[in-house]
Every structure is written in structure tokens, then in C-alpha cells.
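So you can see what is in the structure, the chains are spelled out below.
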Amino acid sequence: TNTTIDPRVKIFDLGEQDPAEVFEGLGEESPGWHRGPSGELVAGSPAGEEHSSVLQYQRILRDGYRDLEGRVHDGEVSVPDLIVDLKLQELGHPSSLVVSVTEQGDRFELRLESADSNGGARMSLVRVTPEAEIRLGGPSNISLGGSGRETLIHLSNVDNRVEALVHAEGDNVWNTLAHDYDRNSYQPGDEERRGTSLGARMRLTATGHVVLSELSLARDVQFRPRGKLGPGGVRVGPGEIFVLGDHSADSQDSRDFGSLPEKAIV
């Protein structure tokens, strides 16, 4: 049996955590983002006023983790890569939703704009730098769920690859836009060119009426160089494997005891 390991560490889940403790822009008054009667995230009202509602993740992204009770343990080492998954329950017409993740001076945006009242929409992927706005893909005409069907939305920026995916439940079509890039832009104010990522690392911007039934954030796995894993990496010989635990700060792994023979794998 083939088993796929998802190398991600979840840092927020709407079904298990209070978003008011993590996000800025969550209030009780329309048209801003607020919690619905079943815990969903709601922006605006069905009347569809042309108001903009912004919800943003302001925490510094570090190599922390959620334990089995859902508590978040903050880490110490900055992590650059972030993944966003959500379920869109309703996108009114006319309405739009922009899901964005930021690394250093780049903001990558998945833009969804309703095209008609029957679930039609336009999808595009954009990179916003301090100097310019660069279209990476789209706009593409897509179909959202509607009629009780939800739409899965995914946006990730991992290892200099941006991927956006939109899939209406029950459809066979997976609408995907992806782009590889060489390096990030420096953030304004980063005079020493340290490559810092400051401010909101994730943002949801809604215009009109938007309802999300699920929202989760995850970070890429980040391993601290120590022991046998130096800043420049490690050389692993033929027939060997270098094992790393998922809690970078605390795991006892090959950084402590070195490579293992491949035949040791069960």
C-alpha cells in the first residue's frame, strides 16, 4: 500500500479554535467578518452591499505546533511557507473573495469574483511586489458549488512554488493555477536584506456577501540545523536514510544519532 505523508503542521482550524484569538478584523457587526449561528465565517450580508471586509492572520509564523488538545505552542524559528485551506459556502452576486499569503515583500493572491447568480465565477492568481502587480494565471471562468454544494479552496506558497486550487464538490473539474519563482522580493524597510516577513502573513478580503464553513492554516515543516545537520545540510550515503521528527525543536532524530541503514525501515 502506498502511503503519502503530508509534510505540513497545522496551526489553526476553525472547527477547533476561536478565530478571535488568532485573527484581526473579526467583529459582530455587518458588513465586517463575523461568526454565523453555526460557527461559520460571514462577511457582509445577503443584500450584497459593496463593502470590503478584511480578516488577517497577524501572528509571527514560527516553528510552533498544535498539541492533541488543540493548544498552540509557539516556536522560536521563523517559517516562511504557509498553506491555506477553506470551504466556500456562499459567494453572493456581485461579490468577490481574495485569499492571500505573504512572504517577505511578495503577496500572492487567489482572486475569485462572481460572474453570475448561477455559480459562475472568475479565478486568477496574482503576485503583488513593492514595484508591480504580476498576473501569474487567469482570469479563468469556473463554476462554484452553489445549491447546497460547497467549494474547496486551496492556496499555498511552499519552496518558491505558489499553487491555487478551486474545486466545487461533486464536480470532476479541479481548477488549478500554479507558478514557480526564483526568489522573493525584499520587504520595504528591510534595509539589511535579511529576508524578513512582517505584517499579515494571511489575509481574507471579501467584497459583498461571503460565507466560509471551514478555514485552516498550516505551515511547512521547518528543521533546525543542529548536531549532525549543519546549516549547509547533510550528506546521506547510498542505502542510508536521515530521519527527522515533526517537532523540530524537540524531536530526537538523526540530528542526534545520525543516518540509519535503509533496511531498518519497516
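Parameters and conventions
Residues numbered from 1 in each chain as written. Predicted model: local features only at pLDDT ≥ 70, side-chain atom pairs only at ≥ 80, totals over all residues. Heavy atoms only, no water. Helix = DSSP H or I, 4+ residues; strand = E, 2+ residues; numbered from the N terminus. Rg over C-alpha atoms; globule rule 2.2 N^0.38 Å. Buried < 20%, exposed > 50% of the residue type's maximum accessible area, 1.4 Å probe, protein only. Contact = heavy atoms within 4.5 Å. Phe/Tyr/Trp six-rings, centres within 6.5 Å; stacked < 30°, edge-to-face > 60°. Pairing = 2+ DSSP bridges. Core = buried A, V, L, I, M, F, W, Y, C linked by side-chain atoms within 4.5 Å. Salt bridge = Lys/Arg side-chain N within 4 Å of Asp/Glu carboxyl O. 1 Å grid on protein atoms, 1.4 Å probe; cavity = no way out; pocket = protein on both sides within 12 Å on 5 of 7 lines; lining within 4 Å. Points joined across faces, edges and corners; volume = space filled by probe spheres on them. Nonpolar A, V, L, I, M, F, W, Y, C, P; charged D, E, K, R; others polar. Polar contact = N/O pair within 3.5 Å; in protein donor to acceptor, adjacent residues only side chain to side chain.

1. A word on the overall build of the chain
The number of helices and strands found in the chain is one helix and 19 strands. Its C-alpha atoms give the chain a radius of gyration of 20 Å, near enough to 18 Å, the size a compact globule of 266 residues would have. Overall, the C-alpha framework of the chain stretches about 60 × 50 × 35 Å when taken along its three principal axes. Classification of the 266 residues of the chain by burial places 46% in the buried group. A sequence separation of at least 24 residues applies to 56% of the contacts in the chain between residues at least 6 apart.

2. Details of the packing of aromatic side chains
Scanning all chains against the criterion turns up three aromatic pairs. On the numbers, 5.9 Å between centres and 65 degrees between planes, the contact of Phe 23 with Tyr 57 is edge-to-face. Placement of Phe 23 in strand β2 (residues 23–24) and of Tyr 57 in strand β5 (residues 52–57) is noted, with a sequence separation of 34 residues between them. For Tyr 57, a relative accessible area of 5% corresponds to the buried category. Taken together through their ring pairs, the aromatic side chains of Phe 12, Phe 23 and Tyr 57 make up a single cluster.

3. A closer look at the pairing of strand β9 (residues 96–103)
With eight of eight residues buried, β9 is to be regarded as a mostly interior element. Side chains Ser 96, Val 98, Ser 100 and Thr 102 of β9 all project onto a buried face; the interleaved residues Leu 97, Val 99, Val 101 and Glu 103 project onto the opposite face, where all are buried too. For β9 and strand β10 (residues 106–114), the ladder comprises eight bridges, and the chain directions are antiparallel. For Ser 96, the partnering residue across the bridge sits in β10 and is Glu 113. Two successive antiparallel strands, β9 and β10, enclose a turn made up of two residues, where Gln 104 displays a positive phi of approximately 50 degrees. Direction of pairing for β9 relative to strand β16 (residues 202–207): antiparallel, over a ladder of six bridges. Residue pairing across strands places Leu 97 opposite Ala 206, the latter belonging to β16.

4. Quick notes on the nonpolar core
Counting 43 residues, the largest nonpolar core has Trp 33 and Leu 97 as its most contacted members. Per-element accounting of this core gives the leading share, five residues, to strand β8 (residues 82–91).

5. Focus: the pattern of salt bridges
Inspection of the entire model under this criterion finds 13 salt bridges. For Lys 87, the salt bridge goes to Glu 169, with nearest N and O atoms at 3.4 Å. Of the two residues, Lys 87 is situated in strand β8 and Glu 169 in the loop between β14 (161–168) and β15 (175–180); the sequence distance between them amounts to 82 residues. A residue is classified by how much of its surface remains accessible, and Glu 169, at 27% relative accessible area, is partly exposed. One salt bridge connects Asp 253 with Arg 255, and the closest N-O pair in it is separated by 2.9 Å. Grouping residues by exposure puts Asp 253 and Arg 255 together as buried.

6. As for the sheet that holds β9
The seven strands lie next to each other as β2-β5-β16-β9-β10-β11-β12, forming an open sheet whose pairing is antiparallel. Of all the strands in the sheet, the pair left with one neighbour each is β2 and β12 (133–143).

7. Topic: the layout of surface pockets
Estimated volume of the second largest pocket: approximately 270 Å³. Every residue lining the second largest pocket is counted, 21 residues in all, and those nearest its centre are Leu 91, Gly 119, Leu 144, Gly 145 and Gly 146. When residues in the lining of the second largest pocket are grouped by element, the largest group, four residues, is from β8. A per-class count over the lining of the second largest pocket returns four nonpolar, 13 polar and four charged.

8. Considering the side chain of Ser 95
Looking at where Ser 95 falls in the secondary structure, it is placed in the loop between β8 and β9. Note on Ser 95: relative accessible area 5%, which makes it buried. A polar side-chain atom of Ser 95 sits 3.1 Å from the main-chain carbonyl oxygen of Gly 92. Of note is the side chain of Ser 95, whose polar atom sits 2.9 Å from the backbone nitrogen of His 209. Discounting chain neighbours no more than four positions away, the residues touching Ser 95 are Leu 112, Glu 113, Ser 114, Thr 207, Gly 208 and His 209.

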